[in-house]
Amino acid sequence: MDTEHMVRTFVEYFEDRGHRRITGSTLLPPPGDPVLFTTSGMHPLTPYLEGRPHPLGRRLVNVQRCLRTTDLEEVGDATHLTVFEMLGTWSLGDYEGPLSLDWGYGLLTDGLGIDPGLLYATVHGGDDRTGPDTASLRLWQDRGVPVELTVEENWWSNGPVGPCGPDSEIFLWSGDTPPRSTPTQDDRWVEVWNHVMMRHRRLEDGSLVPLPQRNVDTGLGVERLASLLQGKSSVFDCDVFAPWRRLVPALWPSLDEPSLRLVYDHLRSAVVVTGDGVRPANTGRGYVLRRLVRRVLTVLWRDDPSRSLGDLPDELVSHTLDRFRQQGEPGDVRRLLLQEEHRFRQLLERGRKVLSRPRFQGPLDDEDFRYLHDTHGLPRDLVMSLRQE
Ligand code: SER
């Protein structure tokens, strides 16, 4: 099943159950919001989870592009991406968690054809603030799905304050041999769908107060489920990455698999971030974009400094902008990436020159790092990697 088909099946399944499709937002949260990027489908819906009536009603479904920099170091494994798409459903004070889980089970098994024997669920086991989530536990027991109870892993929040609640996560087995252990003990159980019983708000002092309504917020990672449905062992092998797989190894044949994965992920993310209007900068969102591009270039130049983003086929940029339904011109995105590459080359040249001075031959202290940063524009991580050359 290709990704488009999977997304359509998901959305239609929930439309048939009274949900209205809302348009996903860009990666940029509304002004005044404390986070840099939209990290989850619920994020643009925060005011409605907190009680404001949504113009389209109490049952919503959408596809939302998300960006998580917390996962940056994990990129390259089988399941983590920087920019990814999340399918989401919401009950804004309407139905409760067990119905959401039951529909989720129905969609995965009847709708998408997954063998029920390959599912496992986790449920919040209770702590000093909230009791165990017995309603979710009972639902899974009724459906014959094995359950593991956890505490920290089954509590979802978007940040230190704001809406939060216990969740129940659905895992799908990705191993070649039959499963023998539980999701927390074997990472071949891949988390695919999180159902959050979003009924609390955490205050600055850490205490919980009830939200004005009992919501359910669910999120399912598109590329993750697509790769499993397509029998692939990593997100980089699903159809979404097919043009990258076809074009990049041909262009830069000596890159190994971990480097290729980083290049696919970071370049694709850089295109999407640029497509949403972000420009490279030394702070905030622009710095995330800058880091993505620099990490790619560092990998590309490790064994061949003549490689350039200018060699990147247009098709990769336009495919990505189309996939994320972005309006940007592929030519503009390429130009921006190339300007950033040029800037990075100049910075590296300057950095090498400055670091060859006798003053910087021994160990560096904070004062040196401050000077290198403030006077020469050389961030600490760049200085460190130049000294390892
Ligand atoms: N907000 C939850 C998550 O990001 C469910 O959508 O996992």
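Residues numbered from 1 in each chain as written. Predicted model: local features only at pLDDT ≥ 70, side-chain atom pairs only at ≥ 80, totals over all residues. Heavy atoms only, no water.

Whenever I open this one, the pattern of salt bridges confuses me. Can you help?
Scanning the model with the defined rule gives 24 salt bridges in all. Notably, a salt bridge pairs Asp366 with Arg380, separated by 3.0 Å at the nearest N-O pair. With a gap of 14 residues between them, Asp366 in helix H11 (residues 366–376) and Arg380 in helix H12 (residues 380–387) connect regions that are remote in the sequence. In the salt-bridge network here, residues are joined through shared partners; they are Glu4, Glu85, Arg323 and Arg325. (Salt bridge = Lys/Arg side-chain N within 4 Å of Asp/Glu carboxyl O. Helix = DSSP H or I, 4+ residues; strand = E, 2+ residues; numbered from the N terminus.)

Even after reading the chapter, I still don't get the environment of Asp368, so can you show me in this structure?
With respect to the element layout, Asp368 can be found in helix H11. With 367 residues separating them in the primary sequence, Asp368 and Met1 have C-alpha atoms 55 Å apart. Not counting residues up to four positions away in its chain, the partners in contact with Asp368 are Arg359, Phe360 and Pro363. (Contact = heavy atoms within 4.5 Å.)

Before we go on, may I ask you to explain helix H7 (residues 257–275) in this structure?
In an α-helix, one turn spans 3.6 residues; hence positions three or four apart end up facing the same way. Helix length check: H7, at 19 residues, gives a terminal C-alpha distance of 27 Å against a target of 27 Å (1.5 Å per residue), a fit within 8%. Of the residues trailing H7, Gly277 is marked for its positive phi of about 95°. (Expected span 1.5 Å × (residues − 1).)

Just checking my understanding: could you explain the packing of aromatic side chains for this structure?
What describes a pair of aromatic rings is the distance from one ring centre to the other and the angle between the planes of the rings. Enumeration over the complete set of coordinates arrives at 15 aromatic pairs. Taken together, a centroid distance of 6.4 Å and an interplanar angle of 70° make the contact between Tyr105 and Trp140 edge-to-face. Taken together, the residues span a long stretch of sequence, with Tyr105 in helix H3 (residues 97–111) and Trp140 in helix H4 (residues 134–143) at a distance of 35 residues. Note on accessibility: Tyr105 and Trp140 belong to one class, buried. (Phe/Tyr/Trp six-rings, centres within 6.5 Å; stacked < 30°, edge-to-face > 60°. Buried < 20%, exposed > 50% of the residue type's maximum accessible area, 1.4 Å probe, protein only.)

I keep staring at the side chain of Thr38 and nothing clicks. Help me out?
Relative to the elements of secondary structure, Thr38 occurs in the loop between strand E1 (20–21) and helix H2 (46–49). From its side chain, Thr38 meets the backbone oxygen of Thr26 in a polar contact 3.4 Å long. In contact with Thr38, not counting residues within four places along its chain, are Thr26, Leu27, Leu28, Pro29, His43, Pro44, Gln64, Arg65, Cys66 and Leu67. (Polar contact = N/O pair within 3.5 Å; in protein donor to acceptor, adjacent residues only side chain to side chain.)

Would you explain the nonpolar core in this entry?
One recurring pattern in soluble globular proteins is that nonpolar side chains are buried together. Counting 90 residues, the largest nonpolar core has Phe10, Leu87, Trp140, Trp193, Leu225, Val263 and Leu300 as the members making the most contacts within it. If you look at the next biggest cluster of nonpolar residues, it comprises twelve residues, including Met42, Leu49, Trp90 and Trp156. (Core = buried A, V, L, I, M, F, W, Y, C linked by side-chain atoms within 4.5 Å.)

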